[in-house]
Each structure stands twice: as structure tokens, then as C-alpha cells.
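Working through the structure, step by step
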Amino acid sequence: MKLFNFFVLVSIAVLIASCNKSKDEGSGTGDAIIVAKKSGTNTVYGVSLYAYSFSPFQSVKATSSADATKTYTLKENQGYKTNFAYEAPDAEFTTTKPVASTYNFSAVFENGVTDEFTDELTASVLAVPVLDVPKYDATTTELTATWASVTDADSYAINIMDGSTMVFGSLELANTIKSYTLSSTSSGWITGVKPVVGKTYTLRLNAYLYEPNGNTYNMQAVSMAEQQITWGK
């Protein structure tokens with residue numbers, strides 16, 4: 001399940017701007033993020049890893065100080081050679097919260113240059129949001145999602161998923177916002193995609209926690225809640 005399509009689409013340009021070498025030389029930056037979601041009645045946790053650069057990667061691997069025996073292999077993400085990712089598979093999600101650790105990334109670029117970079121992950125997590133059943137207004141042809149505030153969340157975002165493919169992604173929403181309304185003409189739909197009346201989609205609410213002293217481009221944790229919707233009903 002792709003959890004961070006929104007992250008790739010809206011963040012990559014800013015994230016790679018933090019690199020401290022020239023883009024011709026090859027330099028990367030990494031982000032480790034704790035993901036929380038529901039599995040039945042349980043809240044489960046996993047860790048996903050992202051690496052970004054101006055220059056195309058050839059390969060990226062990472063290890064954690066909490067378990068140096070395990071190596072994570074990041075792969076090209078959505079066709080972006082400047083964005084590699086390891087998104088935790090469902091089998092790696094457990095009810096045990098991840099511990100604080102340092103993630104060490106080792107990258108090889110297509111031009112042969114190598115780089116190493118780290119990201120400090122604390123043990124802070126977010127509760128899974130409580131997302132109400134979205135309501136569709138046939139008169140205005142708009143869909144509205146509402147939710148309860150998540151303690152410590154810095155912001156939110158809404159995605160519409162068609163299977164495992166994101167077809168709509170909102171901009172990040174302030175942590176004071178508790179509802180979002182969209183229509184087939186709203187900005188945020190992937191180019192060439194419009195919702196099909198009668199088709200079932202998944203509406204996903206993401207809550208974000210920034211890293212200490214961080215911002216929207218340095219994430220510590222994300223939690224997500226989902227509701228099935230049938231467009232037009």
C-alpha cells in the first residue's frame with residue numbers, strides 16, 4: 001500500500017533543497033517516518049524511509065541503530081530517480097511502537113558519486129484519526145469529510161485512492177481544520193483524472209507530526225484513517 005504518494009508529489013523539490021553539495025556532485029537527504037493505522041480494532045505501527053536528491057540515484061540502502069542487522073533497500077518511487085523509498089509492507093506493521101533510533105542512509109548516484117546521510121527518529125507517534133463517514137451532497141455535487149482533532153498533529157491532508165493509486169491529493173491543512181469539501185472540479189485531482197459517478201474509492205485522512213524543530217518537510221510520524229466512498233451517493 002502506497003502511503004506517501006502525496007509526499008512525493010508536493011514535497012520533493014523543497015526536501016532536496018537542503019542538500020549541501022552541488023547537484024552535479026550528488027548529495028542526498030533522508031527521512032524516516034513512523035506510520036500508524038488501524039488493523040481491525042488494533043493500532044499498528046511501521047517505519048517508512050525516503051531519500052531525496054537533485055541527482056538521480058542508482059541505489060540507496062539504510063540501517064537503523066536500533067537493529068543494525070537489518071538493511072533496508074530503497075527503490076525508485078513513482079518513476080522519480082531522485083526519490084527512493086522503502087514503504088513498510090503490511091507484514092511489518094505491529095502493535096509495538098518503534099523505538100527512537102538513527103537511520104543511516106548510504107546512496108550511490110548514477111554518476112558514481114556516493115553519499116551518506118542520517119535522520120534521527122524519536123519514539124513520538126500520532127493517534128489514528130477518527131474520521132466520520134463522508135457525506136455527498138447531490139445538490140452541490142460536493143463530498144465533505146469531517147474528523148476529530150488529533151492530539152499533537154501539526155497538519156492534515158486528504159487523499160482519494162483508486163485501489164492503491166492516489167487520484168486526488170489536497171494541500172496540507174492547518175491543524176485547526178476539521179473538515180474538507182471537494183468536488184470533481186477541485187484542484188488536487190491527478191491530471192486527466194475525474195471521479196466516476198457510482199465508482200467506489202477510498203478517502204484517506206492523513207495526520208502529520210513534524211520532527212522536533214522541523215516543519216512540513218521533516219516528518220516524524222503520520223497516522224491515517226480511511227473510509228470507503230461511492231462517488232455521487
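These numbers come from a predicted model, not from an experiment. (Residues numbered from 1 in each chain as written. Predicted model: local features only at pLDDT ≥ 70, side-chain atom pairs only at ≥ 80, totals over all residues. Heavy atoms only, no water.)

With that out of the way, let us pick up the overall build of the chain. Across its full length, the chain holds one helix and 15 strands. Restricting the contact set of the chain to residue pairs at least 6 apart, pairs at least 24 apart contribute 64%. About 11,000 Å² of surface is accessible on the chain, with carbon and sulfur atoms providing 50% of the total. (Helix = DSSP H or I, 4+ residues; strand = E, 2+ residues; numbered from the N terminus. Contact = heavy atoms within 4.5 Å. Areas by Shrake-Rupley, 256 points an atom, 1.4 Å probe, with all protein chains shown as cover.)

This brings us to the pairing of strand β14 (residues 200–210). For β14, the tally of buried residues reaches nine of eleven residues, placing the bulk of the element in the interior. In this structure, strand β10 (residues 155–162) lies alongside β14, joined through seven bridges in antiparallel fashion. By the bridge assignment, methionine 161 is partnered in β14 with threonine 202. Where β14 meets strand β15 (residues 219–230), eleven bridges bridge the pair, whose relative direction is antiparallel. The residue of β15 that forms the bridge with leucine 203 is glutamine 227. (Buried < 20%, exposed > 50% of the residue type's maximum accessible area, 1.4 Å probe, protein only. Pairing = 2+ DSSP bridges.)

Okay, the packing of aromatic side chains next. All told, the structure shown has eleven aromatic pairs when counted by the stated rule. Seen from their ring centres, phenylalanine 57 and phenylalanine 109 are 5.0 Å apart, and the 25 degrees between their planes marks the pair as stacked. Taken together, the residues span a long stretch of sequence, with phenylalanine 57 in strand β3 (residues 57–64) and phenylalanine 109 in strand β6 (residues 101–109) at a distance of 52 residues. In this structure phenylalanine 109 comes out as buried when scored by relative accessible area, which is 0%. Of the aromatic side chains, those joined through ring pairs into one cluster are Tyr136, Phe168, Tyr180, Trp189 and Trp231. Just above the ring of phenylalanine 93 sits the side chain of lysine 37; from NZ or CZ to the centre is 4.2 Å. (Phe/Tyr/Trp six-rings, centres within 6.5 Å; stacked < 30°, edge-to-face > 60°. Lys NZ or Arg CZ within 6 Å of the ring centre and 35° of its normal.)

Our next topic: the confidence of the model for the chain. On average, residues of the chain carry a pLDDT of 90, and 88% of them reach 70 or more. Ignoring residues within four places in sequence, the model shows residues 5–23, a span with pLDDT below 50, making 49 contacts including any to other chains. (pLDDT = per-residue confidence, 0-100.)

Turning to the pattern of salt bridges, a few remarks are in order. By the definition in use, this model includes five salt bridges. A salt bridge links lysine 37 to aspartate 90; the shortest N-O distance between them is 2.7 Å. With lysine 37 in strand β1 (residues 28–39) and aspartate 90 in the loop between β5 (80–86) and β6, this residue pair connects regions lying 53 residues apart in the sequence. Look at lysine 37 and you get buried, because its relative accessible area is 11%. Residue glutamate 110 pairs with lysine 81 through a salt bridge whose shortest N-O separation is 3.2 Å. Here glutamate 110 is found in the loop between β6 and β7 (114–121), whereas its partner lysine 81 is found in strand β5, with 29 residues between them in sequence. Among the residues examined, lysine 81 registers a relative accessible area of 40% and is labelled partly exposed. (Salt bridge = Lys/Arg side-chain N within 4 Å of Asp/Glu carboxyl O.)

For the rest of this paragraph, the subject is the nonpolar core. By size, the foremost hydrophobic cluster in this structure holds 47 residues, and its most contacted members are Leu49, Leu74, Trp147, Ile158 and Ile160. At five residues, the largest contribution of residues to this core is made by β14. Every residue in contact with tryptophan 147, bar those within four places of it in the chain, is listed here: Val130, Leu131, Asp132, Tyr156, Ile158, Leu173, Ile177, Lys178, Ser179, Tyr180 and Leu205. By size, the runner-up hydrophobic cluster in this structure holds twelve residues, among which are Ile33, Val44, Tyr52 and Ala85. (Core = buried A, V, L, I, M, F, W, Y, C linked by side-chain atoms within 4.5 Å.)

Let us now look at the environment of lysine 37. Between the C-alpha atom of lysine 37 and that of methionine 224, which follows or precedes it by 187 residues, the distance is 5.4 Å. A distance of 2.7 Å separates the side chain of lysine 37 from the side chain of aspartate 90, its partner in a polar contact. (Polar contact = N/O pair within 3.5 Å; in protein donor to acceptor, adjacent residues only side chain to side chain.)

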